[in-house]
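Each chain, written out:
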Amino acid sequence: MRWTLRIAAILAVLLVAYAIWPVVGFYRIASAIEARDAAALGKRVDFHALRKNLTKQIVATYLELTGKEEKLGLLGKTIAVGLGTSYAEPIVARLINEETLLDLLSKGNAGGEAKISAELAPFSKSALKSGWATWLHSEYRGEDYYVYLPPDKPEDKQFKVKLSLSDWKWKLAGIDLPKPLRVQLAKEIEKQRESKDD
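Calculation notes
Residues numbered from 1 in each chain as written. Predicted model: local features only at pLDDT ≥ 70, side-chain atom pairs only at ≥ 80, totals over all residues. Heavy atoms only, no water. Helix = DSSP H or I, 4+ residues; strand = E, 2+ residues; numbered from the N terminus. Contact = heavy atoms within 4.5 Å. Areas by Shrake-Rupley, 256 points an atom, 1.4 Å probe, with all protein chains shown as cover. Expected span 1.5 Å × (residues − 1). Buried < 20%, exposed > 50% of the residue type's maximum accessible area, 1.4 Å probe, protein only. Pairing = 2+ DSSP bridges. Axes fitted to C-alpha atoms, helices over the stretch in contact; angles between N-to-C directions. Phe/Tyr/Trp six-rings, centres within 6.5 Å; stacked < 30°, edge-to-face > 60°. Polar contact = N/O pair within 3.5 Å; in protein donor to acceptor, adjacent residues only side chain to side chain. Salt bridge = Lys/Arg side-chain N within 4 Å of Asp/Glu carboxyl O.

## A look at the overall build of the chain
Right, so step 1: Summing up its helical and strand segments, the chain has 8 helices and 4 strands in all.
Right, so step 2: In the chain, the succession of helices and strands from N to C terminus is α-α-α-α-α-α-α-β-β-β-β-α.
Right, so step 3: Residue pairs in contact within the chain that sit at least 24 positions apart in sequence constitute 57% of those at least 6 positions apart.
Right, so step 4: In the form shown here, the chain has an accessible surface area of approximately 11500 Å², with 59% of it arising from carbon and sulfur atoms.

Written out as C-alpha cells, the structure reads:
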C-alpha cells in the first residue's frame, strides 16, 4: 500500500512539473524581454523556426493583399511564394534582429513604419499584468506551447506566441502577428517591388 502511494505521489509531482515546464520557459523569455536583455533573449529563440514562421505569414498576406493568391494556380502560387520570400527576406531579417525583436515584443514596433499600439504588444506590462489571464489564454500541445497575448484583446488584435521544445529548452519558435501588423509589413513588400520596377 505504501509503495502504491509513493508511486502515485511521484507520478503526481511529475505531472505537475510537466504541466508547468513550458510556463517556466515562457516566464524566462518574458523576463529577458522586460530586462531588455538581447543576449538572454537570443538564447531562448529558435531563429530558424521564427524566420520561417514570419516569412510564411508576410508572404501569404502580401499575396492576399495584392489579389495574386486567387489568380494563381498551385504551381503559380508556389513560384509566387518563392519570389515573395525573396522580397520578404529583408523585412524578416530586420524583425529577427534581437534589438528589433525586443521592440516588437515589448512595444509593438516592427521597425520602419510598421507598428501597432504599445498596449497591444505581446510582452508589454499591460499585456502581462495578470499571470492567471495569460495562463488561461494558453494551449499546451506536447512539444509546442501557445500563448495568446494580450489575453484581454480580441483575437484579431492578439499575437499568438509559440514556444517549442528544443534541446530540452522552451524556445520562442513563432509569433503569429495580428492582421493589421501583417498588412503593414506586406505593404512594405509592395513598396519594394514598385521601387524596383521604376
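That shown, we press on.
## Section: helix 3 (residues 47–66)
Right, so step 1: The first and last C-alpha atoms of helix 3 sit 28 Å apart over 20 residues, in line with the 28 Å expected at 1.5 Å per residue.
Right, so step 2: Burial in helix 3 covers these residues: Leu 50, Asn 53, Leu 54, Thr 55, Gln 57, Ile 58, Val 59, Thr 61, Tyr 62 and Leu 63.
Right, so step 3: Note on helix 3: the residue one or two positions beyond its end, Gly 67, has a positive phi of about 80 degrees.

## Quick word on the sheet that holds strand 2 (residues 144–149)
Right, so step 1: Here we have 4 strands laid out as an open sheet, ordered 1-2-3-4, and antiparallel in their pairing. Both outer strands of the open sheet, strand 1 (138–141) and strand 4 (169–176), are each paired with one neighbouring strand and no more. Adjacent strand axes in the sheet meet at a mean angle of 20 degrees, parallel and antiparallel pairs treated alike.
Right, so step 2: Bridging between strand 1 and strand 2 involves 4 bridges; their strand directions are antiparallel. In the strand pairing of strand 2, Arg 141 is matched with Asp 144.

## What to know about the packing of aromatic side chains
Right, so step 1: This model, assessed by the stated rule, comprises 3 aromatic pairs.
Right, so step 2: Ring geometry for Tyr 140 and Trp 170: centres 5.8 Å apart, planes at 70 degrees, overall edge-to-face. With Tyr 140 in strand 1 and Trp 170 in strand 4, this pair connects stretches of sequence that are 30 residues apart.
Right, so step 3: Taking relative accessible area as the criterion, Tyr 140 reaches 27% and is therefore assigned partly exposed.

## A word on the environment of Thr 55
Right, so step 1: Looking at the element boundaries, Thr 55 is found in helix 3.
Right, so step 2: A residue is classified by how much of its surface remains accessible, and Thr 55, at 10% relative accessible area, is buried.
Right, so step 3: Here the alpha-carbon distance between Thr 55 and Glu 89, two residues 34 residues apart in the chain, equals 7.2 Å.
Right, so step 4: Once you skip the residues sitting within four places of it in the chain, Thr 55 turns out to touch Thr 85 and Val 92.
Right, so step 5: Here Arg 51 takes part through its backbone oxygen, which lies 2.8 Å from a polar atom of the side chain of Thr 55.

## As for the pattern of salt bridges
Right, so step 1: Following the criterion strictly, the structure yields 7 salt bridges and no others.
Right, so step 2: With a shortest N-O distance of 2.4 Å, Glu 89 and Arg 51 are connected by a salt bridge. Within this pair, whereas Glu 89 is found in helix 5 (residues 74–95), its partner Arg 51 is found in helix 3, the two being separated by 38 residues in sequence.
Right, so step 3: Residue Glu 89 is classed as partly exposed on the basis of its relative accessible area of 31%.
Right, so step 4: Residue classification places Arg 51 among the partly exposed residues on the basis of a relative accessible area of 29%.
Right, so step 5: Here Lys 153 makes a salt bridge to Glu 119, at a shortest N to O gap of 3.9 Å. In this pair, Lys 153 sits in the loop between strand 2 and strand 3 (159–166) while Glu 119 sits in the loop between helix 6 (98–107) and helix 7 (131–136), placing the two residues 34 residues apart along the sequence.
Right, so step 6: Take Lys 153: its relative accessible area is 23%, and that puts it in the partly exposed class.
Right, so step 7: One network of salt bridges, with partners in common, ties together Arg 36, Asp 103 and Lys 107.

Take it as geometry only, folks, not as evidence of what the structure does.
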